[in-house]
Amino acid sequence: MTIAAGGSMSHDRGATLVMVALAVGLGLVMVAALCAGRLSLSPGTVLGIVLSRIVPVDPSWSDLQERIVLLVRLPRVLLAAICGAALAAAGAAMQGVLRNPLVSPHILGVSSGASFGGAVAILLGLSGWLLIGSAFLAGSAALLLVGAIARVDGRAGTVTVVLTGVIVAALFSALVSLTQFVAEPDSSLPAIVFWLMGSFATASWRQLAAAAPVLALALMLVLGLRFRINVLSLGEDDARALGLPVERDRWLVFLAVALMEATVVAFAGVIGWVGLVVPHAARMIAGEDHRLLIPASALLGASYLVLVDTIARTAVAAEIPLGVLTAIVGAPVFALLLRQRQRRELTA
Amino acid sequence: MIALKGAGIRRGERWIFRGLDLSLAPGRCVAVLGPNGRGKTTLIKAVTGLDKLDEGTRTAPPLVAYVPQVIAPLPYRALDVVVMARARSLGLFGTPRRADYDIARAALARIGAEAFTEQRLDRLSGGERQLVLLARALATQSPVLVLDEPASALDLANQSRLVAVLRDLRAAGEHAILFSTHLPTHALEVADEALLLMGPEDQRQGPVDAVMSESNLSALYGTPLRRRQVAIEGHGLVETIIPLH
């Protein structure tokens with residue numbers, strides 16, 4: 001697959017270089033993440049343990065080390081990577097389709113819906129797969145609600161979709177507050193609050209096996225649509241004049257984004273800022289063309305979330321909630337990116 | 001090729017135009033003239049299919065090449081904007097291949113805009129962007145080319161360039177061309193026929209020489225106009241239209 005098919009040799013080479021560099025970066029971050037923790041391991045040991053699953057390697061490590069890498073860290077790192085990839089790709093796609101660099105995938109109200117679903121599940125004393133299912137269903141319901149409200153005569157302008165998303169998000173946020181209000185102050189309330197802050201602490205292979213196919217499918221959909229997203233980013237009239245079914249294409253993107261948002265919230269709680277900040281950082285590396293921007297955002301988002309999750313579980317004795325950390329890191333990084341972009345535009 | 005029959009579009013109770021007949025064959029060029037707010041853009045959008053008719057019928061190829069008045073100055077490479085013309089034929093998950101880029105490059109070359117190929121759209125001037133849009137329209141390979149006031153943002157040099165490009169395209173005979181303009185001289189220079197939007201239910205259409213009479217034009221714009229031929233060395237007789245202020 002050519003990534004950008006830029007139409008000129010130097011352009012194609014540049015695109016390949018960016019993708020290879022980001023992929024290598026992701027590999028390094030993942031190995032570092034597998035090494036880091038209460039029990040720190042050497043990269044050689046970690047690589048040996050992972051490789052021993054594929055090819056026979058003489059073990060030079062203890063059973064404990066093997067179990068920590070294979071049963072604890074590896075599923076967690078992989079889940080963080082695919083969630084980060086999904087959130088960042090979703091953000092890049094949304095910013096393109098809605099022609100607004102300030103939107104994040106949360107704008108559709110799906111994460112608020114999923115938060116409500118999860119909070120209700122916790123309130124009812126449900127956990128594990130029931131919690132995940134409840135969050136996912138409520139997140140999907142939020143998208144259906146946005147679609148039902150925004151579409152008039154089978155059409156919905158981008159501004160209407162954004163405003164409807166804001167309305168639906170506000171509604172579900174209020175409902176989340178309501179569940180917190182009626183929750184038990186010393187059992188379900190803290191559980192809801194901590195769950196909402198986001199964490200990969202419960203990651204397991206079974207969770208990964210459930211989340212990965214959905215996220216991979218939605219990622220493939222967004223990646224497949226990357227050239228369409230370029231055309232959609234020209235605006236409604238232009239894309240229609242080029243013969244595209246704009247309305248259908250847009251909702252396909254929204255559907256993929258909603259799948260990713262609902263899945264991530266269901267498995268890891270609300271992780272903000274990744275979908276907003278990472279596409280901007282990716283733009284500085286890969287440019288504005290979505291054919292390169294979306295895959296670049298996915299790789300960068302994966303690295304970013306693995307890195308932040310590693311910090312979350314290693315920085316202090318207790319785990320720092322992930323959503324808190326992505327915001328603490330995301331806000332200043334975003335401010336920095338904005339300033340740098342502004343400066344570049346002024347000097348260009 | 002492309003035709004409107006008894007076409008009408010209204011906004012609320014008010015008809016923008018009504019009972020409009022228009023047909024266009026390859027190699028023919030029609031100019032739409034009318035003052036501000038008389039529905040030139042609405043008519044153009046009706047021909048492209050962007051605006052639905054409230055009345056009448058439209059016959060058109062599946063895709064009409066359309067040059068809008070403006071495009072947002074996006075940070076995409078001009079070549080990448082032109083190649084977007086291929087989106088429809090590429091399918092939902094397609095991305096342009098070498099053949100599509102060849103078509104895009106050929107379209108840029110055809111109107112003498114190769115120099116912009118690698119330039120970013122937001123670094124080009126309004127006139128240069130207009131040419132990129134024209135190249136994109138050609139790259140759709142639609143036999144119908146529709147332009148909405150293509151000269152409105154252009155300086156005199158770029159206007160001449162546009163007029164020359166449109167003349168070449170007309171002479172090549174592959175496209176049926178329809179354009180709207182505020183400059184009646186462009187209609188004289190480029191078009192075979194003119195369509196004057198006198199009022200919502202009053203359109204006058206015919207060969208430019210006949211329909212663009214002094215009386216018709218003066219009535220159309222509500223200001224006295226004269227049509228003159230001026231002998232210019234090396235150019236022969238040049239037709240022009242002079243407003244009497």
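Quick caveat: nothing in here was measured; it's all calculated off a predicted structure.

Enquirer: Help me understand the overall build of chain A, please; the structure alone is not making it clear to me.
Expert: A count of helices and strands for chain A gives 14 helices and zero strands. The linear arrangement of helices and strands in chain A, starting from the amino end, is α-α-α-α-α-α-α-α-α-α-α-α-α-α. Radius of gyration (C-alpha) of chain A: 21 Å, near the 20 Å computed for a compact globule of 348 residues. Viewed in the frame of its principal axes, chain A has a C-alpha envelope of about 65 × 60 × 35 Å. Looking at the 348 residues of chain A, the share that counts as buried comes to 53%. In chain A, the share of contacts with a sequence separation of at least 24, taken over all contacts with a separation of at least 6, comes to 76%. In the form shown here, chain A has an accessible surface area of approximately 14700 Å², with 70% of it arising from carbon and sulfur atoms.

Enquirer: Explanation requested: the overall build of chain B in the structure shown.
Expert: Summing up its helical and strand segments, chain B has nine helices and eleven strands in all. Taking 2.2 N^0.38 as the reference for a compact globule, 245 residues should give roughly 18 Å; the C-alpha atoms of chain B span a radius of gyration of 18 Å, in line with that estimate. For chain B, the proportion of contacts with a sequence separation of at least 24, taken over those separated by at least 6, is 63%. Looking at chain B as shown, the accessible area adds up to about 10600 Å², and 49% of this sits on carbon and sulfur atoms. Here chain B holds 29 positive side-chain charges and 26 negative ones, and the gap between their average locations is 4 Å.

Enquirer: How should I be thinking about the sheet that holds strand 4 (residues 55-59) of chain B in this particular structure?
Expert: Think of a sheet as strands paired side by side through backbone hydrogen bonds, with each pair either parallel or antiparallel. All names here are of chain B. The three strands are arranged 2-1-4 in an open sheet whose pairing can be described as antiparallel. At either margin of the open sheet sits one strand with a lone partner, and together these are strand 2 (14-24) and strand 4. Here the average twist between neighbouring strands, direction ignored, is 25°.

Enquirer: Could you clarify how one ought to interpret the interface of chain B and chain A in this entry?
Expert: For an interface, size is often stated in terms of accessible area lost upon the parts coming together. Chain B puts 33 residues into the contact, and the matching count from chain A is 32 residues. Interface of chain B and chain A: buried area, both sides summed, is about 2700 Å²; carbon and sulfur atoms make up 58% of it. Here chain B and chain A share three salt bridges between them. A salt bridge links Arg 291 of chain A to Asp 80 of chain B; the nearest nitrogen and oxygen atoms lie 3.0 Å apart. Viewed at the interface, chain A and chain B are joined by nine residue pairs in polar contact (both at pLDDT 80 or more). For the side of chain B that touches chain A, the secondary-structure elements that each account for two or more residues are helix 2 (78-82), helix 3 (87-90) and helix 4 (98-110) of chain B.

Enquirer: When you look at helix 6 (residues 156-172) of chain B in this model, what are you seeing that I'm missing?
Expert: For an α-helix, 3.6 residues make a turn, and residues three or four places apart therefore share a direction. Residue and element names in this part refer to chain B. An ideal rise of 1.5 Å per residue puts 24 Å on 17 residues; helix 6 measures up with 24 Å between its terminal C-alpha atoms. What helix 6 keeps buried is the set Asn 158, Gln 159, Leu 162, Val 163, Val 165, Leu 166 and Leu 169. Relative to the axis of helix 6, the buried residues are bounded by an arc of 165° and lie together on one face. The outward face of helix 6, more than 90 degrees from its buried face, is lined by the exposed residues Leu 156, Ala 157, Asp 168 and Ala 171. Turning to helix 6, the residues buried within the fold contact helix 4, helix 5 (126-139), strand 6 (144-147), strand 7 (176-181) and helix 7 (184-190).

Enquirer: What is the right way to look at the UniProt feature "transmembrane region" (unreviewed entry) in chain A in this model?
Expert: Under the UniProt annotation, "transmembrane region" (unreviewed entry) lies at residues 15-36, 77-98, 118-146, 158-182, 212-231, 251-278 and 320-338 of chain A. In residues 118-146 of chain A, the share of helix is 83% and the share of strand is 0%. The end C-alpha atoms are 19 Å apart.

Enquirer: What is the right way to look at the nonpolar core in this model?
Expert: When a protein is soluble and globular, its nonpolar side chains tend to lie buried together. Counting residues in hydrophobic clusters, the biggest one holds 175 residues, and the most contacted among them are Phe 200, Val 231, Phe 254 and Ile 271 of chain A together with Leu 145 and Met 212 of chain B. When residues of this core are assigned to their parent elements, the largest contribution, 19 residues, is made by helix 3 (residues 63-97) of chain A. Residues in contact with Met 212 of chain B, not counting those within four places in the same chain, are Leu 33, Pro 184, Ala 187, Leu 188, Ala 194, Leu 196, Leu 217, Arg 227 and Ile 241 of chain B. The next biggest cluster of nonpolar side chains, apart from the first, holds 25 residues, and it includes Ile 9, Phe 17, Tyr 66 and Leu 197 of chain B.

Enquirer: Would you explain helix 4 (residues 110-123) of chain A in this entry?
Expert: Residues and elements named next belong to chain A. Taking 1.5 Å as the rise per residue, helix 4 with 14 residues should run 20 Å; its terminal C-alpha atoms sit 20 Å apart, in good agreement. Burial analysis of helix 4 places eleven of its 14 residues in the buried class, the great majority of the element. Among the residues of helix 4, Val 110, Ser 111, Ser 112, Gly 113, Ala 114, Ser 115, Gly 117, Gly 118, Ala 119, Ala 121 and Ile 122 are the ones counted as buried. Buried residues along helix 4 sit in contact with helix 5 (129-150), helix 6 (158-182), helix 7 (188-197) and helix 11 (246-268).

Enquirer: How should I be thinking about the confidence of the model for chain A in this particular structure?
Expert: Regions with low pLDDT carry predicted coordinates that are not meant to be interpreted in detail. Within chain A, residue pLDDT values average 91, and 97% of them lie at 70 or more. Within the model, pLDDT remains below 50 along residues 1-5 of chain A, and this stretch shows 16 contacts once partners closer than five positions in the same chain are excluded.

Enquirer: How should the sheet that holds strand 8 (residues 193-199) of chain B be read in this particular structure?
Expert: Residue and element names in this part refer to chain B. With mixed pairing, the six strands of this open sheet are ordered in space as 5-6-7-3-8-9. Both outer strands of the open sheet, strand 5 (65-67) and strand 9 (202-207), are each paired with one neighbouring strand and no more. Strand after strand, the sheet turns through a mean of 15° between neighbouring axes, direction not considered. With six bridges joining them, strand 8 and strand 9 adopt antiparallel strand pairing. Across the sheet, the residue bridging to Leu 197 is Gln 203, located in strand 9. Of the strands in this sheet, strand 5 and strand 6 are in contact with helix 5, which crosses strand 5 at around 175°.

Enquirer: What's the story with the pairing of strand 1 (residues 2-11) of chain B in this structure? I'm lost.
Expert: Looking along a regular strand, one sees the side chains alternate between the two faces of the sheet. Residue and element names in this part refer to chain B. When strand 1 meets strand 2, the two strands line up antiparallel, connected through seven bridges. Considered in strand 2, the bridge of Arg 11 is made with Arg 14. The antiparallel pairing of strand 1 with strand 2 creates a hairpin that spans two residues between the two strands, and Gly 12 there sits at a positive phi of about 65°. Pairing of strand 1 with strand 4, which is carried by four bridges, proceeds in the antiparallel orientation. Paired with Leu 4 across the bridge in strand 4 is Arg 58.

Enquirer: Just to check I follow, could you spell out the side chain of Ser 297 of chain A for this structure?
Expert: All names here are of chain A. Topologically, Ser 297 is positioned in helix 13 (residues 290-314). Residue class for Ser 297 comes out buried when judged on its relative accessible area of 0%. Apart from the residues within four sequence positions on either side, Ser 297 is in contact with Ala 88, Ala 89, Ala 92, Val 278, Pro 279 and Ala 282.

Enquirer: What am I meant to see in the packing of helix 4 of chain A against helix 5 of chain A here?
Expert: A pair of packed helices is characterised by two quantities: the angle between their axes and the separation of those axes. Residues and elements named next belong to chain A. For the pair helix 4 and helix 5, the least separation of the axes is 7 Å and the interaxial angle reads 145°. The way helix 4 lies across helix 5 gives a crossing that is right-handed. Between helix 4, through Val 110, Gly 113, Ala 114, Gly 117, Gly 118, Ala 121 and Ile 122, and helix 5, the contact on the second element is made entirely by Leu 131, Ser 134, Ala 135, Ala 138, Gly 139, Ala 142 and Leu 143. The class makeup of the residues in the contact of helix 4 with helix 5 is nine nonpolar, five polar and no charged.

Here is what the cut-offs are and how they apply
Every residue gets a number counted from 1 within its own chain, in the order that chain's sequence is written. Lettering for chains starts from A, numbering for ligands starts from 1, and both go in the order in which the items are written. In keeping with the model being predicted, local features are shown solely for residues with a pLDDT of at least 70 and side-chain atom pairs are shown and tallied solely at 80 or more, while totals for entire chains, interfaces and linings include all residues. In computing side-chain values, all of the structure's heavy atoms are included and hydrogens and water are not. Strands are runs of DSSP state E lasting at least 2 residues, helices are runs of H or I lasting at least 4, and numbering of each runs from the N terminus. The globule rule used for comparison is 2.2 Å times the number of residues to the exponent 0.38, while the radius of gyration itself is calculated over C-alpha atoms. The buried label applies to any residue whose accessible area, calculated with a 1.4 Å probe on protein chains only, is under 20% of its type's maximum; exposed applies above 50%, and partly exposed to all values in between. When checking whether two residues touch, look at their non-hydrogen atoms; a contact exists if any pair is within 4.5 Å. All accessibility values rest on the Shrake-Rupley procedure with a 1.4 Å probe; residue burial counts only the protein chains present in the view. Within this scheme the basic residues Lys and Arg register as positive and the acidic residues Asp and Glu register as negative, but His and the chain ends are omitted. All charge positions are set by atom: Lys at NZ, Arg at CZ, Asp at CG, Glu at CD. Two strands are counted as paired when DSSP detects at least two bridges linking them. For helices, the fitted line uses only the C-alpha atoms of the stretch in contact; every axis is such a line through C-alpha atoms, and the angle between N-to-C directions lies from 0 to 180 degrees. Once two parts are joined, some of their accessible surface, as seen by a 1.4 Å probe, is lost; buried area is that loss totalled over both. Any Lys or Arg side-chain nitrogen found within 4 Å of a carboxyl oxygen on Asp or Glu counts as a salt bridge. Nitrogen and oxygen atoms within 3.5 Å of one another constitute a polar contact, given that in protein one can donate a hydrogen and the other can accept it, and given that sequence-neighbouring residues count only through two side-chain atoms. Any helix carries an expected span of 1.5 Å times its number of residues minus one. As used here, the arc is the angular range of directions from the helix axis to the C-beta atoms. UniProt positions are given in the numbering used here, feature names are shortened, and annotations may be inferred rather than shown by experiment. Only buried Ala, Val, Leu, Ile, Met, Phe, Trp, Tyr and Cys residues count toward a nonpolar core, and they belong to the same one when joined by side-chain atoms within 4.5 Å. As a per-residue measure, pLDDT tells how confident the predictor is, with possible values from 0 to 100. Take the far helix as the reference: if the near one is turned anticlockwise from it by less than a right angle, the crossing is left-handed, and if turned clockwise, right-handed. Think of it as three bins: nonpolar holds Ala, Val, Leu, Ile, Met, Phe, Trp, Tyr, Cys and Pro, charged holds Asp, Glu, Lys and Arg, and polar takes everything else, Gly as well.

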